[in-house]
Amino acid sequence: FSSTAARLPERGQAAAAAPSRCSRLRAAARFLEAPPLASRGGRLPSAPMLSDEFDADFGGGTAAAGQSSTASSVTIRIARTEEQISALMQRFTVYVIEVSDFGRSSEVSHRYSDFEALHRSLLMDCPSLRLPPLPPKGVDGSDAAVVASRKVELEKILRAMLHNPEVLMEKQLHLWKFLNLPNPAVIASRFVMVPGSRGGTSKSLSKLTEPRYKDDVYRLGHSSVVDLLLEGARELRTAGEADAGHGGHWARQQGGRTALCQLLAGALGASDTARARLLEADLFSHLLAIVERNPDALDDARLALNVVVSREADRLPAVVADFLRRGGLSQLAVLAQQPRCQEFVAKLLWLSWDAPVRAPFSQPRGSGLTLLQSLMRSQTPACALLGAVLLGGMVANGDFDAEPAHRAEALRKVAVNLSGAEASIDPQFAKTLCGSNATITRLAGMLDDRELAPIILGLLCAAKPPPAKLGRIAGNLAAIVGDRSGPHNEETRARAAELLL
């Protein structure tokens, strides 16, 4: 987009000099990168503007854009007034406006004539707009009583503007530049405060998840945005296939699901508070229910779920266990029947395979064991291997010790699935198998089991994890090699020695 600025009329210019039709069309296709009006006491620093790729193709709005929300994403108040002296030694009053931009505060100063120019420009560009009238002119603007009265009235006018969809969506960005707010604030505010714009603003707003906008993504973690994202997830969860991409709720519109998941990923990463709120609202279940309806949605859902996995890290087992307690096991069982989703299910379980997560899977003839069997029968080799590793983890941790026959059968299945595992040479499989400290610890625990150790060592010899990963279990390997009088045979010790080397 062009960086040409479309400014409010400067003091002394004719307000009626409306932008040309061409300039209006250009403005509708971009966010302008001009700073807002400066106070006469000196120009304010420009608000940071995004690069040309930050799209604003949702266009301008009118009353048809819908009623504005009462969500406090952007709020204003005139905090105080200050008397200043111009270069010509003339006294004048500025009104200091405190602006809260999705929880972060800043200040911008304007004098009465700036408010007058803003008011006039909005009425000129939005003919149907109705705004409160300005305080009367032609009085002593430095008189304390006049200043106090104007302060109250001007704040009322700004609030009226901030809650008017036509003002929020107009193409010249008059109010936004007056408040010194950057493009991300404009888009996020329109998304929250103008419901009818969300189909377009959601797609533009999703670009905040890109690394170059790391200083602006905090807005996605604001409660007003999080609430709307949860609403969108619930809407998609209940939407039928016939509803997708056919208007209605913004999340159901064409591209809405992808935008929603991108925004959820941004919100999950924006702050611990936002992530906790989303997880408490059962976001895991909402996303997987969307995938249940349409397995092709998995790639979109992963955008958000991957953030949970990476940010929660050590807490992931607790998060997944909570999801399972809320009925998530049945959801995973359904997904495990979908070839496209099987590997995702296996990876999620392996990354969180601690006792609270394993518990629902140890019931004889329960849905948990049925799920693991579905994974081990998968036509995706890496998924079948991970399914066997999951079952091996249960054996190593004594989950079947109360039923020796069940333990023996589980051990047999693990041995069958992991013997001659050619797929284990895939680097991606090795990355999943040893990808975190927690998974390495689980493998170490399996090496302590006499019957499992040779199977797992064979798998590791084939997978060839990076030396840095093997280094974390070097002690376990050395113990196997050095304990000649222990339960391990020569072949098992040789495999352990190979890994040490």
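Everything discussed here concerns the structure shown above.
Since the model is a prediction, treat every value here as computed from it, not as a measurement.

Participant: Honestly, the environment of Asp101 in this entry has me stumped. Any pointers?
Facilitator: Within the element layout of this structure, Asp101 appears in strand β2 (residues 91-101). As a C-alpha pair, Asp101 and Ala185 span 84 residues in sequence and 6.8 Å in three-dimensional space. At 2.5 Å, the side chain of Asp101 and the side chain of Arg219 are in polar contact.

Participant: How should the packing of helix α8 (residues 223-238) against helix α9 (residues 256-270) be read in this particular structure?
Facilitator: Two quantities define a packed helix pair, namely the angle between the axes and the distance from one axis to the other. Following both chains from N to C, one finds α8 and α9 inclined at 140°, their axes separated by 10 Å at the closest point. The angle between α8 and α9 falls in the class oblique. Classified by chirality, the crossing of α9 by α8 is left-handed. Facing α8, whose interface residues are Val226, Leu229, Gly232, Ala233 and Leu236, α9 presents Arg257, Leu260, Leu263, Leu264 and Ala267.

Participant: Which parts of the structure should I look at to understand the pairing of strand β1 (residues 74-85)?
Facilitator: If a strand is regular, its side chains alternate between the two faces of the sheet. Two strands pair when backbone bridges link them, and β1 and β2 are joined in this way by 11 bridges, in the antiparallel orientation. Directly across from Arg77, in β2, lies its bridge partner Glu98. Hairpin connection, β1 to β2: the antiparallel pair is bridged by 5 residues, and Met89 has positive phi, about 65°.

Participant: Would you mind showing me how to read the sheet that holds β2 here?
Facilitator: Hydrogen bonds between backbone groups are what pair the strands of a sheet, and the pairing can be parallel or antiparallel. Ordered in space as β1-β2-β3, the 3 strands form an open sheet in which the pairing is antiparallel. A strand with exactly one partner marks an edge of an open sheet, and here the two such strands are β1 and β3 (104-111). Across the sheet, the mean angle from the axis of one strand to that of its neighbour is 25°, orientation sign disregarded. Taken together, the 8 bridges between β2 and β3 define a ladder with antiparallel strand orientation.

Participant: Explanation requested: the environment of Lys203 in the structure shown.
Facilitator: Considering the arrangement of structural elements, one finds Lys203 in helix α7 (residues 198-205). Taking the relative accessible area as the measure of exposure, Lys203 reaches 30% and is therefore partly exposed. Excluding its chain neighbours within four sequence positions, the residues that come into contact with Lys203 are Gln254, Gly255, Gly256 and Ala259.

Conventions and cut-offs
Residues numbered from 1 in each chain as written. Predicted model: local features only at pLDDT ≥ 70, side-chain atom pairs only at ≥ 80, totals over all residues. Heavy atoms only, no water. Helix = DSSP H or I, 4+ residues; strand = E, 2+ residues; numbered from the N terminus. Polar contact = N/O pair within 3.5 Å; in protein donor to acceptor, adjacent residues only side chain to side chain. Axes fitted to C-alpha atoms, helices over the stretch in contact; angles between N-to-C directions. Parallel < 35°, antiparallel > 145°, perpendicular 65-115°, else oblique. Left-handed = near helix turned anticlockwise from the far one by under 90°. Contact = heavy atoms within 4.5 Å. Pairing = 2+ DSSP bridges. Buried < 20%, exposed > 50% of the residue type's maximum accessible area, 1.4 Å probe, protein only.

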